[in-house]
Amino acid sequence: MWRVRRAAVACEVCQSLVKHSSGTKGSLPLQKLHLVSRSIYHTHHPTLKLQRPQLRMSLQQFSSLTSLPLRKLKLSPVKYGYQPHRNFWPARLAARLLKLRYLILGSAVGGGYTAKKTFDQWKDMIPDLSDYKWIVPDIVWEIDEYIDLEKIRKALPNSEDLAKLAPDFDKIAESLSLLKDFFTTGSPGETAFRATDPGSESDKRYRKVSDKEKIDQLQEELLHTQLKYQRILERLEKENKELRKLVLQKDDKGIHHRKLKKSLIDMYSEVLDVLSDYDASYNTQDHLPRVVVVGDQSAGKTSVLEMIAQARIFPRGSGEMMTRSPVKVTLSEGPHHVALFKDSSREFDLTKEEDLAALRREIELRMRKNVKEGCTVSPETISLNVKGPGLQRMVLVDLPGVINTVTSGMAPDTKETIFSISKAYMQNPNAIILCIQDGSVDAERSIVTDLVSQMDPHGRRTIFVLTKVDLAEKNVTSPSRIQQIIEGKLFPMKALGYFAVVTGKGNSSESIEAIRDYEEEFFQNSKLLKTSMLKAHQVTTRNLSLAVSDCFWKMVRESVEQQADSFKATRFNLETEWKNNYPRLRELDRNELFEKAKNEILDEVISLSQVTPKHWEEILQQSLWERVSTHVIENIYLPAAQTMNSGTFNTTVDIKLKQWTDKQLPNKAVEVAWETLQEEFSRFMTEPKGKEHDDIFDKLKEAVKEESIKRHKWNDFAEDSLRVIQHNALEDRSISDKQQWDAAIYFMEEALQARLKDTENAIENMVGPDWKKRWLYWKNRTQEQCVHNETKNELEKMLKCNEEHPAYLASDEITTVRKNLESRGVEVDPSLIKDTWHQVYRRHFLKTALNHCNLCRRGFYYYQRHFVDSELECNDVVLFWRIQRMLAITANTLRQQLTNTEVRRLEKNVKEVLEDFAEDSEKKVKLLTGKRVQLAEDLKKVREIQEKLDAFIEALHQEK
């Protein structure tokens, strides 16, 4: 009432002013009257025009509920007649003031709700700093032991109470706008109720126009708001990335002493690496989730993966197949943007172009190495870890592109091989299929969509990605076709989500930042987004990576525990099988068995150095004589012994020994030494060790022995030193004592008896069995043997007549023997007579030489006198002494080379071979085989998988 009373006073003041000025300067303009007075008492004035400044709103609340500014409500003019009675103006004024009160109260309530909504949204936008709890000192986490934080928290007002206290600026602005319209001037009698006239045609027409414009403005405002959110989100993520990078860099420098735990995605990647090597022969298949990237060749799947990894890490080619084997990429957070392979310690800095080029070359080399001869693609997986600040944590597998036609240069089965590799990865019920479709080509030309539909017909784990949308929007006549593709209406394939991305302008030298800027600029101006054919959350690779990461971790949480339970059951079965089959043996896998065999082999090589010098020299001397005895007897001794006098004998011997030493003897000695070393090494490697012998190592030891021997080369200078030593030894003729003389005679007798025995065997094979063997063993001679026997008997008669007959038959003697045989009815050939004579004379000569050895036993006295005034000449004994001494000196020299040099070099070669075998997994699988090895190998892998799965599950629960 005090407001009404105040308005009345103001009106009286206005009237007094009008009366006071009516007689002097005319009427006072109504614009100078009080505002309330004009609206209530002077509505009948025909020239009344309220010229008040328009109320402008500069305050805009940033939230998800932001809407366009309200248009000024235009009220159609309603004219009322003049009413002389003013008895109802207090009621009308009270009604308007009450309406203003309700508007203010409604704005306060709505503003509280909006403030609460805005508070919750900003709270969700704050980055999750739970991973950085270790940055805060431990005393902060223990402060709850001293202060009751829960009690303090309950005493503080919650977000809803705070939201109630905050005003809603949108509602206040709307109320002020209505209040402005309430006091807007019009024709006499015009009031706020003029908008309630339902019969105004102009008002209806205006509402239609304003609704259409308002929808357009709302759509445009919604698009700008979404883009604004996107920019703010990118800015916050960039700041978060810099903060995490700074924190991790400080931790690398050792500022924080809290031990940094292995990241969750790295633990999961290790599980997948172990599973990839596991042979699923116990019905335990790998069903852990992976993001499988499939698509037609040149569809842009590699570019999408690079955008997610934020680096150009894959080799590129214009139309050529570059992805020749699956590449498993594990994305994780780290202080630096680097990449490294699973089996290598080298880090590639992805911020440097030279490292990126080196990484692409390395991936291409590994792919070509995996591809076997005669093939184009390989199922072997290359494991690559990419770390960097702000990367989404997940595991992606880039597969070779699906092709429709096998071109020249490809293997005939390339198409089928690619299909089998893709199916092997997609048939995993928990694999997330990232289906890449080229938007710049006709959808009907796609092959991969049918394949994906077969593997995931209900689309429960498929995410569809349309690439090259910029080209699609430019080339496609009907934009609705792109909408049909994105919405999955053009394909029979179903999917969880549909995304549209742009992966650059087709220039391979574009950076990731340039591609991201181009993609954002394109979608800001794209008609597809402005016309709502695409939703804002369906575009850009950033939104795609976020969606894929969320889907990936959802799949992981749902399936990892079930997979762990299946491996627990498999482990129990394997342990039971081992206990029943090998109760007294340790569970050694292939690597542990190899280490055990390696130690045994090295011990056996070391045992070579423990062989006594005497044993080495005896073996070397005996082996060397066996190798050179034929040459000494046949080429040196026999030709010299058939001479007429001692001078000629010695001259012939010296010449032949010199030739032999210069050309053959050193080489023969080195060969003998090397073969002796091999024999001793083989003996130590292969001889059984009693109860400790394990035949599972036999194939490995044999392979190590052969490879070590193949690699071992004797010292090149050994022959030169041996030549000098052997030449000096053979030049010496001075026998110092009777013991050496007797040793030489004994050596000569052994050599001649061995030759005589060989000759007897040769004659027996030539003439057949004698009468005793024929009678005891019922054997008969052949016709040829009978001829040889008759010829032998005839030649023996000739030797009995002339025991000093020379080594060769004269032609007349051959004729005589042939005629004598023909007279007895035996037809013989001259060559047969010569062959038989060689063996018969050889036996006669050797028997004569042995008799001469007996005579020379007492010839040492004549040797000391140089056989002066003696009919006994024992030059052949001196020759054999020279040979014997040369053998002893050579054996001693070779023994020194063996023990000082060659055994160590062989041990080094064995170590190198073992190191090479240790790095060659295929070689170990080939050499260490059997049910026992495979069972231990499977048991170890299952245990390792289970332990890693348990650790991962525990870390996953802690992260929750």
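Nothing here was measured: the structure is a model prediction, and the numbers come from that model. (Residues numbered from 1 in each chain as written. Predicted model: local features only at pLDDT ≥ 70, side-chain atom pairs only at ≥ 80, totals over all residues. Heavy atoms only, no water.)

### Overview of the nonpolar core
Now for step 1: Ranked by size, the top nonpolar core spans 101 residues in total, and within it Tyr637, Trp660, Leu677, Trp741, Ile883 and Val910 carry the most contacts.
Now for step 2: Here the element with the most residues in this core is helix H31 (residues 875-919); it accounts for 17 residues.
Now for step 3: Contacts of Trp741, omitting those with residues within four sequence positions, involve Ile735, Cys856, Arg857, Gly859, Phe860, Tyr863, Phe867, Cys874, Val877 and Val878.
Now for step 4: In terms of nonpolar packing, the next biggest core, distinct from the first, is built from 69 residues, Ala311, Val395, Ile436 and Val556 among them. (Core = buried A, V, L, I, M, F, W, Y, C linked by side-chain atoms within 4.5 Å. Buried < 20%, exposed > 50% of the residue type's maximum accessible area, 1.4 Å probe, protein only. Helix = DSSP H or I, 4+ residues; strand = E, 2+ residues; numbered from the N terminus. Contact = heavy atoms within 4.5 Å.)

### Here we look at the side chain of Thr791
Now for step 1: Along the chain, Thr791 falls in helix H27 (residues 783-801).
Now for step 2: Relative accessible area serves as the criterion here: at 0%, Thr791 is assigned to the buried category.
Now for step 3: A polar contact of 2.8 Å, which involves the side chain of Thr791, links it to the backbone oxygen of Val787.
Now for step 4: In this structure Thr791 touches Leu821, Val828, Leu832, Ile833 and Thr836, once residues within four positions along its chain are discounted. (Polar contact = N/O pair within 3.5 Å; in protein donor to acceptor, adjacent residues only side chain to side chain.)

### Looking at the packing of helix H28 (residues 811-823) against helix H29 (residues 830-856)
Now for step 1: Orientation of H28 relative to H29, taken along the N-to-C sense of each, is 105°, at an axis distance of 10 Å. As judged from the angle between their axes, H28 and H29 are roughly perpendicular. Across from Ile814, Val817 and Arg818 in H28, the residues of H29 making contact are Pro830, Ile833 and Lys834.
Now for step 2: Tallied by class, residues from the contact of H28 with H29 come to four nonpolar, no polar and two charged. (Axes fitted to C-alpha atoms, helices over the stretch in contact; angles between N-to-C directions. Parallel < 35°, antiparallel > 145°, perpendicular 65-115°, else oblique. Nonpolar A, V, L, I, M, F, W, Y, C, P; charged D, E, K, R; others polar.)

### A closer look at a nonpolar patch on the surface
Now for step 1: Together, Trp771, Trp775, Leu776 and Tyr777 make up an exposed nonpolar region whose accessible area comes to about 600 Å².
Now for step 2: Among the structural elements, Trp775 can be located in helix H26 (residues 771-777). (Patch = residues over 30% accessible without salt bridge, like charges linked within 9 Å, V, L, I, M, F, W, Y side chains within 5 Å. Areas by Shrake-Rupley, 256 points an atom, 1.4 Å probe, with all protein chains shown as cover. Salt bridge = Lys/Arg side-chain N within 4 Å of Asp/Glu carboxyl O.)

### Considering the pairing of strand E2 (residues 327-332)
Now for step 1: Within E2, six of the six residues are buried, which leaves the element mostly enclosed by the surrounding structure.
Now for step 2: A two-sided burial pattern is seen for E2, the buried positions comprising Val327, Val329 and Leu331 on one face and Lys328, Thr330 and Ser332 on the other.
Now for step 3: Pairing geometry for E2 and strand E5 (residues 382-387), over six bridges, is parallel. Paired with Thr330 across the bridge in E5 is Asn385.
Now for step 4: Here five bridges tie E2 to strand E6 (residues 394-398), and the two strands are oriented antiparallel to one another. By the bridge assignment for E6, Thr330 is matched with Val395. (Pairing = 2+ DSSP bridges.)

### Quick notes on the packing of aromatic side chains
Now for step 1: Counted by the stated rule, this structure contains 18 aromatic pairs.
Now for step 2: Judged by centre distance (5.3 Å) and plane angle (75°), the ring pair of Phe552 and Trp553 falls under edge-to-face.
Now for step 3: Put simply, the rings of Trp625, Tyr637, Phe747, Trp837, Tyr841, Phe845 and Phe880 pair up and form one aromatic cluster.
Now for step 4: We note Arg366 situated over the ring of Phe341; from NZ or CZ to the ring centre the distance is 4.0 Å.
Now for step 5: Geometry around Phe594 places Lys924 over its ring, the cationic atom sitting 5.6 Å from the centre. (Phe/Tyr/Trp six-rings, centres within 6.5 Å; stacked < 30°, edge-to-face > 60°. Lys NZ or Arg CZ within 6 Å of the ring centre and 35° of its normal.)

### Comments concerning the pattern of salt bridges
Now for step 1: Scanning the model with the defined rule gives 40 salt bridges in all.
Now for step 2: The salt bridge involving Arg843 is made with Glu760; its shortest N-O contact spans 3.4 Å. Taken together, the positions of Arg843 in helix H29 and Glu760 in helix H25 (residues 738-767) put the pair 83 residues apart, joining distant regions of the chain.
Now for step 3: Classification of Arg843 as buried rests on a relative accessible area of 13%.
Now for step 4: Residue Arg824 is joined to Glu794 by a salt bridge in which the shortest nitrogen-to-oxygen separation is 3.2 Å. Here the residue Arg824 occupies a position in the loop between H28 and H29, and Glu794 occupies one in helix H27, the gap between them amounting to 30 residues.
Now for step 5: When its relative accessible area of 10% is taken as the criterion, Glu794 is described as buried.
Now for step 6: Each of Arg571, Glu575, Glu587 and Arg943 takes part in one network of salt bridges that share partners.

### Here's the deal with a negative patch on the surface
Now for step 1: The grouping of Glu380, Glu912, Glu915, Glu919, Asp920 and Glu922 at the surface amounts to a negative patch.
Now for step 2: Position of Glu919 relative to the elements: it lies in helix H31.
Now for step 3: On the basis of relative accessibility, which here comes to 69%, the residue Glu919 falls in the exposed class. (Lys, Arg positive; Asp, Glu negative; His and termini not counted. Charge placed at Lys NZ, Arg CZ, Asp CG, Glu CD.)

### As for the pairing of E6
Now for step 1: Counting buried residues in E6 gives five out of five residues, a clear majority hidden from the surface.
Now for step 2: A two-sided burial pattern is seen for E6, the buried positions comprising Met394, Leu396 and Asp398 on one face and Val395 and Val397 on the other.
Now for step 3: Note: strand E1 (residues 291-295) against E6, three bridges, orientation parallel. Within E6, the residue paired with Val293 across the bridge is Asp398.

### Things to note about the packing of H25 against H27
Now for step 1: At a minimum axis distance of 7 Å, the contact between H25 and H27 shows a crossing angle of 125°. As the angle between them shows, H25 and H27 are arranged oblique. On H27, the residues touching Ile763, Asn765, Met766 and Val767 of H25 are Gln785, His788, Asn789 and Lys792.
Now for step 2: Its residues assigned to classes, the contact of H25 with H27 comprises three nonpolar, four polar and one charged.

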